[in-house]
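# Residue-level structural notes
These are the residues of each chain, in order.
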Amino acid sequence: MSLFKKIFSKEKKETLDKGLEKSKTSFFDKLSKAVAGKSKVDDDVLDNLEEVLVSSDVGVNTTLKVIDRIEGRVAKDKYVGTDELNRILREEIAGLLSEIDSGNATDFEIPINKKPYVIMVVGVNGVGKTTTIGKLAYQFKKAGKKVVLGAADTFRAAAIDQLQIWADRTDVEIVKQSVAFDTLQSAVTQNADVVIIDTAGRLHNKVNLMNELTKVKRVMQKVIPDAPHDVLLVLDGSTGQNAFEQAKQFTAATEVTSLAVTKLDGTAKGGVVIGISDQFQIPVKYIGVGEGMEDLQVFNKFEFVDSFFK
């Protein structure tokens, strides 16, 4: 299918394949049991497939959409063999993800008319937020961009120390005082390309969270009126349904514009990327498929689906 022409380099594709290995193996183990002894996609197979998708953390609502699309295909084609099910699944899930307007970048790009481009990173402690910021800084710098980090988690000295370690490793500047305001001023003065602001990582009640994030935004806008240009929510893919719950809390508290899903290499719950993309209609921009600096990838829906269902 033309959708699945190669976009990534061989190395990136191999990293993605390896990172999704546990999710893929778990999914196909379940799928092979679901179609055992069946040659045709019938109601029983679809019921079993529904169970497989839900238990692979795709989420109930998204699973029902996928089943609906496959039912449509089966009705139209009259006879669909179980040997074709994998191809049809790939096509329909890629089609579903294509309805989310995310572009389909393969590289760490920023809009040319936003300088500095300000990314505010949100998410609870422990999801890999600071590590994601460090890897983002590395990737943007590698792409030739001047990067400045701001550690807005003033409540936890450990979080600031951790970000300092990443700033040292990636050789980018970090601003630690009066955070959002000073970081943006410093970035403007230095003609930086990208500013990445870390925020406090606790999930309080919605009102407190909303107030806190609104305050950070307001401070930014004193320096750059349309900042932040991207509010990136980091989610831990290995938590499965808990990631859905966090996405619900944060999208209710602030205007999240993109998602990063981390720790996919250590889990069989990779289906959560499909469900979260579809359910919240917010583009997944980055995925973490390993511990190395290079293992934070720009999410490409076609490459992801190709690797997951290969």
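Summarised in this report is the structure supplied together with it. What you see as residue numbers is a count from 1 along each chain, following the sequence as written. Under the rules for a predicted model, residues below a pLDDT of 70 receive no local features and side-chain atom pairs below 80 are neither given nor counted, while totals for whole chains, interfaces and linings still include all residues. The side-chain figures draw on all heavy atoms in the structure; neither hydrogens nor water molecules are used.

### Observations regarding the sheet that holds strand E1 (residues 117–122)
What counts, and what does not: For two strands to be treated as a pair, DSSP must find at least two bridges joining them. Comment: elements are numbered from the N terminus, with helices defined as DSSP H or I runs of at least four residues and strands as E runs of at least two. Each axis is a line fitted through C-alpha atoms, and for a helix only the stretch in contact is used; angles between axes span 0 to 180 degrees, taken between their N-to-C directions. Contacts were defined at the residue level, with two residues in contact if any of their heavy atoms lie within 4.5 Å.
Pairing is mixed across the open sheet formed by eight strands, whose spatial order is E3-E2-E4-E1-E5-E6-E7-E8. Looking along the sheet, the strands with just one partner apiece sit at the ends: strand E3 (173–175) and strand E8 (296–298). Adjacent strand axes in the sheet meet at a mean angle of 25° when their direction is disregarded. Sheet topology note: the strand E2 (residues 147–151)/E3 ladder contains three bridges and is parallel. Paired with Leu-149 across the strands is Ile-174, a residue of E3. Packed on one face of the sheet, helix H10 (residues 241–253) meets E1 and strand E5 (230–236) and runs near 155° to E5.

### Looking at the pattern of salt bridges
To be explicit about the condition: The term salt bridge refers to a pairing of a side-chain nitrogen on Lys or Arg with a carboxyl oxygen on Asp or Glu at a separation within 4 Å. For the exposure calls, accessible area comes from a 1.4 Å probe over protein chains only, and a residue counts as buried if that area is under 20% of its type's maximum, exposed if over 50%, partly exposed in between.
What the rule picks out here adds up to 23 salt bridges. A salt bridge links Lys-13 to Asp-306, with the shortest nitrogen-to-oxygen separation between them at 3.0 Å. Of this pair, Lys-13 sits in helix H1 (residues 10–19) while Asp-306 sits in helix H12 (residues 301–308), placing them 293 residues apart in sequence. Residue Asp-306 is classed as buried on the basis of its relative accessible area of 7%. Between Lys-248 and Glu-245 there is a salt bridge; the shortest N-O distance is 3.6 Å. One end of the pair is Lys-248 and the other is Glu-245, both in helix H10 and three residues apart, which spans about a single turn. Lys-248 gets classed as partly exposed once you look at its relative accessible area, which sits at 47%. Its relative accessible area of 34% is what places Glu-245 among the partly exposed residues.

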